Amino acid sequence: MILVTGGARSGKSAHTERLAAQSCDHVLYIATSLVTDDEMALRVAKHQAQRPEHWRTWEGFRDVGDVIRHHLQPGEGVMLECITTMLSNLLYEESGGADPETLDFPALEAFLYRQIDDLIAACQQSSAPIFIVTNELGMSITPSNRLARHFVDISGRVNQKLAQAAEEVWWVVSGIGVKIKCR
């Protein structure tokens, strides 16, 4: 399991795609985003155009560990883009879009941890190289709204869990990847 982190528009995706292409001829690309507007549609199209056409794509954000266990073809690697979007979608789906002031964040965080723990277990059980992209959200100002503060906190703790389990961790800044962990 190789984790790639960095800020928004830091070049994480392109760096991860290069790492995956260097390691694998064939890749299952797990796309966790939902197209909700024209801007997101353009971002998805740009990501699709960047990666090799022969890479397979699976779209979804729930039970990603099961995708790794049951949808890989022999000799295929995995690129998961991205954890932060996955967490956001899971949080919204699990909360039912309720008012953030009414949310039980400890229960929601426990649910998200179960999803992440299962992903980590699937990565550890797989012999395939698995490249995971995530965003580092904790290097900015503290958000003023409750939901955003909890999301930054949860994302940071999830990233720590992933980094602990990963064989390698890369930090990408201004398009330059720096390996910060190698087991």
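Along every chain, residues carry numbers that run from 1 in the direction the sequence is written. The model is predicted, so local features are restricted to residues of pLDDT at least 70 and side-chain atom pairs to those at 80 or more, both for listing and for counting; the totals for chains, interfaces and linings are taken over all residues. With hydrogens and water excluded, all non-hydrogen atoms of the structure serve as input to the side-chain values.

Asker: Teacher, can you tell me more about the overall build of the chain here?
Answerer: Put simply, DSSP H or I for four residues or longer makes a helix, DSSP E for two residues or longer makes a strand, and each gets a number counted from the N terminus. Within the chain, the regular secondary structure consists of six helices and seven strands. Going from the N terminus to the C terminus, the chain shows its helices and strands as β-α-β-α-β-α-β-α-α-β-α-β-β. For the radius of gyration, the atoms used are the C-alpha atoms, and the globule rule reads 2.2 Å times the number of residues raised to 0.38. Rg of the C-alpha trace for the chain: 16 Å, near the compact-globule value of 16 Å for 183 residues, within the 12% margin. Across its three principal directions, the C-alpha atoms of the chain cover 45 × 35 × 35 Å. Here the term buried applies to any residue with accessible area under 20% of the maximum for its type, exposed to any over 50%, and partly exposed to those in between, with areas from a 1.4 Å probe on protein chains only. Expressed as a percentage of its 183 residues, the buried residues of the chain come to 41%.

Asker: Just to check I follow, could you spell out the state of the cysteines for this structure?
Answerer: By definition, a disulfide links two cysteine residues through a covalent bond between their sulfur atoms. Two cysteine sulfurs form what is called a disulfide whenever their separation falls within 2.5 Å. Taken as a whole and assessed by the stated rule, the structure comprises zero disulfides. Its sulfur unpaired, Cys24 is 13 Å from the next cysteine sulfur, which belongs to Cys123. Cys24 supplies the cysteine sulfur nearest to Cys182, a cysteine that is in no disulfide, at a spacing of 16 Å.

Asker: Help me understand the nonpolar core in this model?
Answerer: The nonpolar side chains of a soluble globular protein tend to be buried, and buried together. Grouping buried Ala, Val, Leu, Ile, Met, Phe, Trp, Tyr and Cys residues that are joined through side-chain atoms within 4.5 Å yields what is termed a nonpolar core. Membership of the largest hydrophobic core comes to 34 residues, with the highest contact counts inside it found for Ile30, Ile68, Ile83, Ile116, Leu119, Ile132 and Leu162. Within the residue set of this core, elements represented by two or more residues are strand 2 (26-31), helix 3 (64-70), strand 4 (76-81), helix 4 (83-95), helix 5 (105-125), strand 5 (130-135) and helix 6 (146-165). Looking at this core, the element that brings in the most residues is helix 5, giving nine residues. Contact between two residues is taken to exist if any of their heavy atoms lie within 4.5 Å; hydrogens are not considered. Apart from the residues lying within four places of it in its own chain, the contact partners of Ile68 are Ile30, Val78, Leu119, Ala122, Cys123, Ser126 and Ile130.

Asker: Please explain helix 4 as it appears in this structure.
Answerer: Because the α-helix completes a turn every 3.6 residues, residues three or four places apart line up on one side. A rise of 1.5 Å per residue sets the reference length of helix 4, with its 13 residues, at 18 Å; its end C-alpha atoms lie 18 Å apart and thus fit the reference within 8%. Among all positions of helix 4, only Ile83, Thr84, Met86, Leu87, Asn89, Leu90, Leu91 and Ser95 are buried. Elements that come into contact with the buried residues of helix 4 comprise helix 3, strand 4, helix 5, strand 5 and helix 6. Just past helix 4, the residue Gly96 takes up positive phi, approximately 70°. Helix span is expected to be 1.5 Å times the residue number reduced by one.

Asker: I'm lost on the side chain of Glu76 in this one. Help?
Answerer: Within the fold, Glu76 resides in strand 4. For Glu76, a relative accessible area of 5% gives the class buried. Think of a polar contact as two N or O atoms within 3.5 Å of one another; within protein, one of them needs to be a possible hydrogen donor and the other a possible acceptor, and neighboring residues in sequence only count if both atoms come from side chains. A distance of 2.9 Å separates a polar atom in the side chain of Glu76 from the backbone nitrogen of Gln73. Setting aside residues no more than four positions away along its own chain, Glu76 makes contact with His26, Val27, Leu28, Arg56, His71 and Ala128.

Asker: Mind showing me how you'd approach helix 1 (residues 12-23) here?
Answerer: When the terminal C-alpha atoms of helix 1 are compared, their 17 Å separation across 12 residues agrees well with the 16 Å that a helix rising 1.5 Å per residue should span. All buried positions along helix 1 are accounted for by Lys12, Ser13, His15, Thr16, Glu17, Leu19 and Ala20.

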